[in-house]
Structure formats: structure tokens, C-alpha cells
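Results of the structural survey
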Amino acid sequence: MLAPLPGAARPLTLGGVAGTLILKDDKNMLDHPLPDIDAWVLLFSNNTLPVLRVTKRRLDEMRADLERVDARELAHVILQDPIMTVRVLAYIQPMRGRALQHDITTIASAVMMAGMEPFFRRFEELPTIEGMLKGVDPHALLGVLQVIRRAQRAADYAQDWAIWRHDVNMEEVRIAALLHDLTEILVWCFAPKLGLDIRAQQIAKPTMRSTDAQKHIINNTFQDIQLALCQVWHLPELLLRLIDDSNAEQPRVKNVALAVRLARHSSHGWDDPALPDDFTDIGQLLNITPEAVRQRIGLEPMPAREAED
């Protein structure tokens, strides 16, 4: 089977047949939908995944002064970048060995398990999203950066609510929210035309469900592709459950799902008609009123006593 997130293409067995799906260069973007989920998994697994340019720059700066870098500072940089986060998690899972009986689900733990110098050697040559999409329709770069910003906001919301709920490990919840829309980011990177087509269809038909637009353009939903990717990359089972919306009645999964919903519905402003229902559902999760939810996210001034707390 495929080693998680390889730096170079390797064969992947699908349905008993080994094959590769490699984009030969940055300008040879995929411009047509693939036939099934296995083909999408093959595409994303057999090509090096790009990270944000700012992530590469920060890691290069840290590499130049390695003695002063600590795991917490490094984890903070990684946790701003969905693709870098999933690359680190996939990289570390095979290192657990038999001595460690539980999955590694936090980035600081992953860095400490790998060791600082081996970590920086492994991630020395990183392609960037901005470099990959250079020369492509500029709306594609704008589109992927908007999705990444939305994921960052969802992660911030999820972490804040996890702390409020006294979650035993708020970083797991944060990571799940950050990675929830990872496949959408990857489609923008490797098939920007299809990303633009999905967005155009949603603009043309505002009432169309996003999953219907995805099925129409790429024959699958982002969620279905993502769950398959998580399994092939051997990501922790816990994160797989937190990302899977079918488990939404579980409080931690609901925390993630509502954070993603709020970030998505507010991505173009705070007048989206779905937001009042979001505030109500978030309030039920946190056991506070919808008005208090609005205060927590900064839409209304918080009473002085609560602000001090």
C-alpha cells in the first residue's frame, strides 16, 4: 500500500491494480472530473502536497536557527496551515511503533516524537500553493486562500468552544475543524478549473446544496473523498470520527461541525440567512443564549462583567 503523503510518486493499489496518477508539472492541471473516489485518492496521494508560502518561509527561518526553536512554537506555525498539518500527522503515524498504544493526535507531540532535526530534514523542500498556481487563473489562488482562511476561522471557533466546554484535548478539536474541508483545498490546488466550476454553479444557483454542486462537477462529494484519504493516509481514528459529519450528534463532533458551519456561512459577511440557526445551535452546544454566542464571536459588545472574566 501507499506510504502516507510521499515526497515522490509511488504506486497505489486500487481494486487489485497498481497505478499512478501524477501531474508532471505545475501547469499540467487536472481539468476534468475523475471517475471515482479511488482515482481522487490516487491523485492526491501520488503528488507532493503544497503548503502556504508563509509556512515555508517560517519553517526556513526556524531551520536557520534550530537551537532556539521549541515544539510549541513550531506547532503554532503548522496549525495555521491545513495541508502542512495533515502532512505532519501522516508522517508521524508510522513512527508510533508497538511501544505507543495510542494515536498521536497533536502537532507538538508529533514534532517531539520525530525529533527536531529529523523533522526539519523531512520537510526541507516544500512546494507552495502560490507557486503551484502561478500562471493559472488568479481567481483560483484567491479561491483556495479563501477556503484556507475559512478553515483557520473554523479552527479558532472550534478551539474557543472546546475550551469553554472543558474539552480534555482542545487541539484535537481544532485540528479536526482545520482539516474538515481539506479535500476542497486540494481540488483548488490540483484541479483549479473544477474548483472554479463548482463556485460558479453555486453562484448561479444560490439555493443549490454544496454537495449537489460537488457531485455535478466532480462526481463525488468532498466529504466522501476526504474520509477515504484519511484512511489511506492512516490518520488517527479519533480525527476521522471528528471530521465525519455523520457522527454529528456527539458533542465533540458537533463542536467541529458547528464551527465549520459558522465559518462557511459568515465567509461573505454576517447577513447570511442561515446564521440565526447557527447561533441557536451553538448556544445549545455551549448552554448559552444565541445573544451570548454573538457576543463571544464579537458581533455584539459583551457585558462588562463577562468581558472581565
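Please refer to the structure higher up on the page.
Residues numbered from 1 in each chain as written. Predicted model: local features only at pLDDT ≥ 70, side-chain atom pairs only at ≥ 80, totals over all residues. Heavy atoms only, no water.

With that settled, consider the overall build of the protein. Helix and strand counts for the protein come out as 18 helices and two strands. Classification of the 309 residues of the protein by burial places 49% in the buried group. Within the protein, contacts between residues at least 6 apart in sequence are counted, and of these 67% link residues at least 24 apart. With the model as given, the accessible surface of the protein reaches about 15200 Å², and the carbon-plus-sulfur share is 51%. (Helix = DSSP H or I, 4+ residues; strand = E, 2+ residues; numbered from the N terminus. Buried < 20%, exposed > 50% of the residue type's maximum accessible area, 1.4 Å probe, protein only. Contact = heavy atoms within 4.5 Å. Areas by Shrake-Rupley, 256 points an atom, 1.4 Å probe, with all protein chains shown as cover.)

Those residues of helix α12 (residues 210-218) that fall on the buried side of the exposure criterion are Ala213, Gln214, Ile217 and Ile218. One side of α12 carries all its buried residues, which in axial view fall inside an arc of 100 degrees. Buried positions along α12 lie against α1 (37-45), α11 (192-204) and α13 (222-232). A positive backbone phi angle near 75 degrees is found at Asn219, which sits one or two residues after α12. (Arc of directions from axis to C-beta.)

Applying the stated criterion to the full structure yields six aromatic pairs. Aromatic side chains Phe119 and Phe120 sit 5.5 Å apart centroid to centroid with 85 degrees between the ring planes, which places their arrangement in the edge-to-face category. Each member of the pair Phe119 and Phe120 is classed as buried. Put simply, the rings of Tyr91, Phe119, Phe120 and Phe123 touch in pairs and so form one group of aromatic residues. Lying across the ring of Phe123, Arg122 places its NZ or CZ 5.1 Å from the centre. (Phe/Tyr/Trp six-rings, centres within 6.5 Å; stacked < 30°, edge-to-face > 60°. Lys NZ or Arg CZ within 6 Å of the ring centre and 35° of its normal.)

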